Amino acid sequence: IEYVSPLENENPENGNIDIHVHLPDGRIYSLLVATPSGITWCMENEGIDYFFSTPPPLVVKALTPENIERAVKALCTESDGKWLTVYGTLQT
């Protein structure tokens, strides 16, 4: 897992961060990881009462390395990695 910006710059309870997931076969996926309150903050900041993105964010309770790693491992292993293609964007 590679953080696009320093994780320590983010509010663990109220934030979001872009990451790159490097797979052993050389593929790299980009993902947005966010907390529920981070999504709410985005809506409030934009003055809207809805949120959507493509691909959808990977939601974790808090932005910690442990939470992010667990969530990414689940994406890579659940349903033979199908979820990684839903939540991530394959880089070329």
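Just so you know, these numbers come straight off a predicted model, no measurement behind them.

It is worth spelling out the confidence of the model for the protein at this point. Detail in the predicted coordinates should be disregarded across regions flagged by low pLDDT. Mean pLDDT for the protein: 94, with 100% of residues reaching 70 or above. Across the protein, element-level confidence peaks in strand β1 (residues 2–3) with a mean pLDDT of 98 and bottoms out in helix α3 (residues 82–87) with 92.

Only one face of strand β2 (residues 16–22) is covered, namely the face carrying I17, I19 and V21; the face carrying N16, D18, H20 and H22 is uncovered. Pairing analysis gives seven bridges linking β2 to strand β3 (residues 28–34), with the strands arranged antiparallel. Across the sheet, residue I19 finds its bridge partner in β3, namely L31. Linking β2 to β3, which pair antiparallel, is a turn of five residues; within it G26 sits at a positive phi near 100°.

The two faces of a sheet get side chains in turn, since along a regular strand they alternate between them. Extensive coverage of β3 is indicated by the burial of five of its seven residues. Sheet topology places β3 next to strand β5 (residues 89–90); two bridges connect them, and they run antiparallel. Paired with Y29 across the bridge in β5 is L90. The sheet contact formed by β3 and strand β4 (residues 58–59) spans two bridges and is parallel. Within the sheet, the bridge partner assigned to A34 lies in β4 and is V59.

Moving on: the pattern of salt bridges. Here the structure, examined in full by the defined rule, presents two salt bridges. Across the salt bridge formed by R27 and D25, the nearest N and O atoms sit 2.8 Å from each other. The partly exposed category is assigned to R27, whose relative accessible area is 37%. Given the relative accessible area of 52%, D25 is considered exposed. For the salt bridge of E69 with K73, the shortest nitrogen-to-oxygen distance reads 3.0 Å. Here E69 pairs with K73, and both are found in helix α2 (residues 65–77), just four residues apart, close to one helical turn. Classification of E69 as partly exposed rests on a relative accessible area of 39%.

To continue, consider the side chain of N67. Relative to the elements of secondary structure, N67 occurs in helix α2. A distance of 3.0 Å separates the side chain of N67 from the backbone oxygen of A62, its partner in a polar contact. Beyond its immediate chain neighbours, meaning those up to four positions away, N67 contacts V60, K61 and A62.

All right, on to the nonpolar core then. Judged by nonpolar contacts, the single largest core of 16 residues is most densely connected at I17, I19, L31, V33, L58, L63 and I68. Ranked by the residues each element gives to this core, the list is headed by α2, at four residues. If sequence neighbours within four positions are ignored, L31 has contacts with I17, D18, I19, V21, L58, L75, L84, Y87 and G88.

Calculation rules
Residues numbered from 1 in each chain as written. Predicted model: local features only at pLDDT ≥ 70, side-chain atom pairs only at ≥ 80, totals over all residues. Heavy atoms only, no water. pLDDT = per-residue confidence, 0-100. Helix = DSSP H or I, 4+ residues; strand = E, 2+ residues; numbered from the N terminus. Buried < 20%, exposed > 50% of the residue type's maximum accessible area, 1.4 Å probe, protein only. Pairing = 2+ DSSP bridges. Salt bridge = Lys/Arg side-chain N within 4 Å of Asp/Glu carboxyl O. Polar contact = N/O pair within 3.5 Å; in protein donor to acceptor, adjacent residues only side chain to side chain. Contact = heavy atoms within 4.5 Å. Core = buried A, V, L, I, M, F, W, Y, C linked by side-chain atoms within 4.5 Å.

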